[in-house]
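# Analysis of the macromolecular model
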Amino acid sequence: MKFELSNKKILITGGSDGLGFALIKILLEKKNQITCLDIDDSNINFFKDNNIIFRKIDLRNLENIKKLSNLINFGEFDLIINCAGYEIGSFFKEVPFEEFQNNFNCNFFSHIFIIKEHINKKNTDKKTKILNVTSDTAFRSIPTRSSYCASKSALQSFSDSMRLELKNFNIDVVTILPPKLDTNFFKKIQYFG
């Protein structure tokens, strides 16, 4: 599907730092209208200066994103970039069950909710693209990273299914698997035990 990346309405989760923030800077050069969802508002002045709509939201709590669907029409976006995610770095037996749920909510279920809202509300003739940021950990397991690996594997498998399911509905589903990047992501890993 041919897709010009300029003058588009774009939603990005996890765009306040790291890869997401780098993508926003690139997308701004092409005169795109950007909405960013993130718990981190440290770059709020940059967003204000560049007319980026910013919604502070904790994607670990799915009730937050359900409420957000009353404020945002997820169907209006030409491109959705699901970049939000965080990592838990602890032995399985030391991670509270609720933290596994939180990790999956942020890294997987929040993205599923946004995609479903997009599909249900978009104009069926409009060509759109969904880009899900997964990881090489979707294909290899790492000790003390079970929750992160599993959530990224789930997102990768889901994306592969959606790519086939949605191609006849003018929705192109793409995944990217970035290598280890020099960002603050690794400074924010949660540890238990």
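The preceding data block contains the structure.
Note that this is a predicted model, so its numbers are computed, not measured.

Thresholds, definitions, all that
Residues numbered from 1 in each chain as written. Predicted model: local features only at pLDDT ≥ 70, side-chain atom pairs only at ≥ 80, totals over all residues. Heavy atoms only, no water. Phe/Tyr/Trp six-rings, centres within 6.5 Å; stacked < 30°, edge-to-face > 60°. Helix = DSSP H or I, 4+ residues; strand = E, 2+ residues; numbered from the N terminus. Buried < 20%, exposed > 50% of the residue type's maximum accessible area, 1.4 Å probe, protein only. Lys NZ or Arg CZ within 6 Å of the ring centre and 35° of its normal. Salt bridge = Lys/Arg side-chain N within 4 Å of Asp/Glu carboxyl O. Pairing = 2+ DSSP bridges. Axes fitted to C-alpha atoms, helices over the stretch in contact; angles between N-to-C directions. Contact = heavy atoms within 4.5 Å.

### Observations concerning the packing of aromatic side chains
With the rule as written, the count across this model stands at nine aromatic pairs. Seen from their ring centres, Phe108 and Phe158 are 6.2 Å apart, and the 90° between their planes marks the pair as edge-to-face. Here Phe158 lies in helix 5 (residues 146-166) and Phe108 lies in helix 4 (residues 97-121), a separation of 50 residues in the sequence. Both residues of the pair, Phe108 and Phe158, belong to the buried class. By way of ring pairs, the aromatic residues Phe21, Phe46, Phe47 and Phe54 are connected into one cluster. A cation over a ring is seen here: Arg60 above Tyr86, with NZ or CZ 5.9 Å from the ring centre.

### Some points on the pattern of salt bridges
Side-chain pairing between opposite charges can occur once the charged atoms of the two side chains come close. Tallied over the entire structure, the rule returns ten salt bridges. Between Lys56 and Asp41 there is a salt bridge; the shortest N-O distance is 3.5 Å. With Lys56 in strand 3 (residues 53-56) and Asp41 in the loop between strand 2 (33-38) and helix 2 (44-49), this pair connects stretches of sequence that are 15 residues apart. Across the pair Arg163 and Asp160 runs a salt bridge, and its minimum N-O distance is 2.8 Å. A residue pair is termed a helical-turn pair when its members lie 3 or 4 positions apart in one helix, as Arg163 and Asp160 do in helix 5 at three residues. Taking relative accessible area as the criterion, Asp160 reaches 30% and is therefore assigned partly exposed.

### Notes on the sheet that holds strand 4 (residues 79-82)
Here six strands make up an open sheet; going across it, the order is 3-2-1-4-5-6 and the pairing parallel. The open sheet has two free edges, formed respectively by strand 3 and strand 6 (171-176), since each of these has just one partner strand. Geometrically, the sheet is characterised by an average inter-axis angle of 15° between neighbouring strands, direction not taken into account. In terms of strand pairing, strand 4 meets strand 5 (residues 128-133) through four bridges, oriented parallel. Paired with Asn82 across the two strands is Asn132, which belongs to strand 5. On top of the sheet, helix 5 reaches strand 5 and strand 6; it is set at about 150° to strand 6, its chief contact.

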